[in-house]
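Observations on the three-dimensional arrangement
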There are 2 protein chains.
Amino acid sequence: MCEAVVFLNRGGELERIMDDVVELKPEGDKLLLVDVFGEQKLVSARISEVELMDHRVVLSETGEG
Amino acid sequence: MCEAVVFLNRGGELERIMDDVVELKPEGDKLLLVDVFGEQKLVSARISEVELMDHRVVLSETGEG
């Protein structure tokens, strides 16, 4: 499978916020992350970078977090 | 491997713009797409949605295209 680890870029620091993510989609002005188990996380961020070979997605913060 | 098909959302219409993409990263105010063969495409868009199970990434247009 092609799940990814999602990192949030906080002023240059990459914070690992969720593993095994299979879906990232806009939800209003936020971003909804869904992992292989169906667990969800809503973050104030947008998708900055996707590296499929490294199974890595980097988000950048928007708004107040 | 986990390559994806990249679509560009043009006012609700999804246009398939690149196959076998393994990397999407910001390049100035544009987005650089790289496929498994190393071929590159630079687009005026940002990443809107990622569906790893469906091997699909949806971009939304920014600026003049």
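Residues numbered from 1 in each chain as written. Chains lettered and ligands numbered in written order. Predicted model: local features only at pLDDT ≥ 70, side-chain atom pairs only at ≥ 80, totals over all residues. Heavy atoms only, no water.

1. A closer look at the confidence of the model for chain A
Atomic detail in the predicted coordinates should be set aside for any region of low pLDDT. Formally: Summary of the metric used: pLDDT quantifies the predictor's per-residue confidence within the range 0 to 100.
With 97% of its residues at a pLDDT of at least 70, chain A reaches an overall mean of 94. Reported confidences for the modelled complex are a pTM of 0.93 and an ipTM of 0.92.

2. Notes on the packing of aromatic side chains
Which entries qualify depends on this criterion: Pairing of aromatic side chains requires ring centres within 6.5 Å, counting the rings of Phe and Tyr and the six-membered ring of Trp. Pairs whose planes differ by under 30 degrees are stacked, by over 60 edge-to-face, and all others tilted. Criterion for a charge above a ring: Arg CZ or Lys NZ at most 6 Å from the ring centre, at most 35 degrees from the ring normal.
On inspection of all chains with the given rule, the structure shows 0 aromatic pairs over all chains. Across from the ring centre of Phe7 of chain A, 5.3 Å away, lies the NZ or CZ of Arg56 of chain A, which sits over that ring.

3. Some remarks on the nonpolar core
Stated precisely, the cut-off is as follows: Here, nonpolar core means buried Ala, Val, Leu, Ile, Met, Phe, Trp, Tyr and Cys residues that are tied together by side-chain atoms lying within 4.5 Å of each other. Each residue is placed in one exposure class: buried if its accessible area under a 1.4 Å probe, protein chains only, is under 20% of its type's maximum, exposed if it is over 50%, and partly exposed if it falls in between. The contact criterion used is simple: two residues touch if any of their non-hydrogen atoms lie within 4.5 Å.
Within the largest apolar cluster, 34 residues are counted, with the highest numbers of intra-cluster contacts made by Leu24 and Leu59 of chain A together with Leu24 and Leu59 of chain B. Once residues within four sequence positions are removed from consideration, Leu24 of chain B is found in contact with Ser48, Glu49 and Val50 of chain A together with Val6, Leu31, Leu32, Leu33, Ile47, Val57 and Leu59 of chain B.

4. Structural notes on the interface of chain A and chain B
Selection rule: A simple way to read buried area is as the amount of 1.4 Å-probe accessible surface that goes missing from two parts once joined, with both sides added. Each reported salt bridge corresponds to a side-chain nitrogen of Lys or Arg within 4 Å of a carboxyl oxygen of Asp or Glu. The term polar contact refers here to a pair of N or O atoms within 3.5 Å; inside protein, the definition further demands a hydrogen-donor-capable atom paired with an acceptor-capable atom, and it admits residues adjacent in sequence only when both atoms are side-chain atoms. A run of DSSP states H or I qualifies as a helix once it reaches four residues; a run of E qualifies as a strand once it reaches two. Both are numbered from the N-terminal end. Amino acid classes used here: Ala, Val, Leu, Ile, Met, Phe, Trp, Tyr, Cys and Pro are nonpolar; Asp, Glu, Lys and Arg are charged; the rest, including Gly, are polar. In this scheme, strands are said to pair when DSSP sees at least two bridges between them.
Chain A puts 20 residues into the contact, and the matching count from chain B is 20 residues. Of the roughly 1700 Å² buried where chain A meets chain B, counting both sides, 70% is carbon and sulfur surface. On the chain A side of the interface with chain B, the three residues burying the most area are Cys2, Val50 and Leu52 of chain A, jointly 36% of the side's total. Seen at the junction of chain A and chain B, the total is 0 salt bridges. Taken together, chain A and chain B are joined by 4 residue pairs in polar contact (both at pLDDT 80 or more). Looking at the side of chain A that touches chain B, the elements that each hand over two or more residues are β2 (13-27) and β5 (45-51) of chain A. Classifying every residue of the side of chain A that touches chain B gives 12 nonpolar, 2 polar and 6 charged. Pairing geometry for β5 of chain A and strand β2 (residues 13-27) of chain B, over 2 bridges, is antiparallel.

5. Points about the pattern of salt bridges
Residues and elements named next belong to chain A. Within the structure shown, the criterion is met by 10 salt bridges over all chains. In this structure, the salt-bridge partner of Glu61 is Arg10, at a minimum N-O distance of 2.6 Å. A residue pair is termed long-range when its members are at least 10 positions apart, and Glu61 in strand β6 (residues 56-61) and Arg10 in strand β1 (residues 4-10) qualify at 51 residues. Residue class for Glu61 comes out partly exposed when judged on its relative accessible area of 35%. One connected set of salt bridges, linked through shared partners, spans Arg10, Glu15 and Glu61.

6. A short note on the state of the cysteines
We apply this condition: Disulfide: a pair of cysteine sulfur atoms within 2.5 Å of each other.
The tally for this structure, following the rule as stated, stands at 1 disulfide over all chains. Linked covalently through their sulfurs, Cys2 of chain A and Cys2 of chain B form a disulfide whose S-S length is 2.1 Å. Between Cys2 of chain A and Cys2 of chain B the sulfur-sulfur dihedral comes to about -90 degrees; the bridge is accordingly left-handed. Of this pair, Cys2 of chain A sits in the segment before β1 while Cys2 of chain B sits in the segment before β1 (4-10), each in a different chain. Judged by relative accessible area, which is 11%, Cys2 of chain B ranks as buried.

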